[in-house]
Amino acid sequence: MVIDIFLVISVILIAWLGWSAGLTRTFFAVLAGFVAVFVASKYPYQEGLNFYVIFVIAALFIVMLGRFILRMISFFYLNVLDRIGGAVLGVCVWLIMVINVVIPTMTHGTHILNGPTHTIYATISHTMQSKFPIFKDYVPSSLERKVLEHQSDNLCDKILAKGKISE
């Protein structure tokens, strides 16, 4: 229940932050980081401050490109769509991170993982990992082993219970 409350409050907060920033600004901020790291790592003279200077120049170029596109969006009165897209993108990215990384890391080794299975967190986690197997890679292997052990223990308990009923 504590996890569900955290999940709902954090999704509301992230949706508000995504609405405030908008899709374009968020997208180009993330893109600037990736492009800047890529460009700076490909620069042949990485001695001293060169890496950082190339990183900053590449990031600023992408951010300026994003601001230009943001002005075009506001010129065509698409601000509301940009803000809705920002909220949706923020919530989607946050749900992926919180369900597959944050909550499993916070609850690793605690009793919370062995609690009731009919929670918002368990439902979303199971759905994401069964429908999109690529997200399973984000779950730390130690936690995945613990979940599998927990599931096998439950299965053994069910088999033993079934055996006692049939006797």
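The rules behind each value
Residues numbered from 1 in each chain as written. Predicted model: local features only at pLDDT ≥ 70, side-chain atom pairs only at ≥ 80, totals over all residues. Heavy atoms only, no water. Helix = DSSP H or I, 4+ residues; strand = E, 2+ residues; numbered from the N terminus. Contact = heavy atoms within 4.5 Å. Areas by Shrake-Rupley, 256 points an atom, 1.4 Å probe, with all protein chains shown as cover. Expected span 1.5 Å × (residues − 1). Buried < 20%, exposed > 50% of the residue type's maximum accessible area, 1.4 Å probe, protein only. Patch = residues over 30% accessible without salt bridge, like charges linked within 9 Å, V, L, I, M, F, W, Y side chains within 5 Å. Salt bridge = Lys/Arg side-chain N within 4 Å of Asp/Glu carboxyl O. Lys, Arg positive; Asp, Glu negative; His and termini not counted. Charge placed at Lys NZ, Arg CZ, Asp CG, Glu CD. Phe/Tyr/Trp six-rings, centres within 6.5 Å; stacked < 30°, edge-to-face > 60°. Axes fitted to C-alpha atoms, helices over the stretch in contact; angles between N-to-C directions. Parallel < 35°, antiparallel > 145°, perpendicular 65-115°, else oblique. Left-handed = near helix turned anticlockwise from the far one by under 90°. pLDDT = per-residue confidence, 0-100.

Caption draft 1: Highlighting the overall build of the chain. Scanning the chain from N- to C-terminus turns up six helices and zero strands. Each helix (α) and strand (β) of the chain, taken in turn from the N terminus, gives the series α-α-α-α-α-α. Nonlocal contacts in the chain, meaning residues at least 24 apart in sequence, comprise 76% of its contacts between residues at least 6 apart. Counting every atom, the chain has about 12100 Å² of accessible surface; 73% of that belongs to carbon and sulfur.

Caption draft 2: Focus on helix 3 (residues 50-75). A rise of 1.5 Å per residue sets the reference length of helix 3, with its 26 residues, at 38 Å; its end C-alpha atoms lie 38 Å apart and thus fit the reference within 8%. Residues Ile 54, Ala 58, Ala 59, Ile 62, Gly 66, Leu 70 and Ile 73 constitute the buried set of helix 3. Residue Tyr 77 follows helix 3 closely and has a positive phi angle near 55°.

Caption draft 3: Structural detail: the side chain of Thr 24. Here Thr 24 shows up in helix 2 (residues 23-42). Ignoring sequence-local partners within four residues, the contact set of Thr 24 consists of Gly 66, Ile 69, Leu 70, Ile 73 and Asp 82.

Caption draft 4: Structural view of the environment of Val 37. Within the secondary structure, Val 37 sits in helix 2. Here the alpha-carbon distance between Val 37 and Phe 55, two residues 18 residues apart in the chain, equals 6.2 Å.

Caption draft 5: Spatial organisation of a positive patch on the surface. A contiguous patch of positive charge on the surface is contributed by Arg 25, Arg 67, Arg 71 and Arg 83. By the secondary structure assignment, Arg 25 is in helix 2. Judged by relative accessible area, which is 47%, Arg 25 ranks as partly exposed.

Caption draft 6: Main features of the packing of aromatic side chains. With the rule as written, the count across this model stands at four aromatic pairs. A centroid spacing of 5.3 Å and a plane angle of 85° characterise the contact between Phe 27 and Phe 28, whose relative ring orientation is edge-to-face. Overall, the relative accessible area of 44% leaves Phe 27 in the partly exposed class. Judged by centre distance (5.1 Å) and plane angle (80°), the rings of Phe 75 and Phe 76 are edge-to-face. By relative accessible area, which is 59% here, Phe 75 ends up exposed. In this structure Phe 76 comes out as exposed when scored by relative accessible area, which is 52%.

Caption draft 7: View of a nonpolar patch on the surface. A contiguous nonpolar surface patch, about 1100 Å² in accessible area, is contributed by Trp 19, Leu 65, Phe 68, Met 72, Phe 75, Phe 76, Leu 78, Val 80, Leu 81, Ile 84 and Val 88. For the nonpolar patch, the secondary-structure elements that each account for two or more residues are helix 3 and helix 4 (79-107).

Caption draft 8: Representation of the packing of helix 2 against helix 3 in the model. Here helix 2 crosses helix 3 at 155°, and the two axes come no closer than 8 Å. Viewed along their axes, helix 2 and helix 3 adopt a mutual orientation that is roughly antiparallel. The handedness of the crossing between helix 2 and helix 3 comes out as right-handed. Facing Thr 24, Arg 25, Phe 28, Leu 31, Ala 32, Gly 33, Val 35, Ala 36, Val 37, Val 39, Ala 40 and Ser 41 of helix 2, the residues of helix 3 in contact are Phe 51, Ile 54, Phe 55, Ala 58, Ala 59, Ile 62, Val 63, Leu 65, Gly 66, Ile 69, Leu 70 and Ile 73.

Caption draft 9: Structural detail: the confidence of the model for the chain. Averaged over all residues, the pLDDT of the chain is 78; the fraction at 70 or higher stands at 67%. Helix 3 holds the highest mean pLDDT among the elements of the chain, 92, whereas helix 6 (residues 141-166) holds the lowest, 64.

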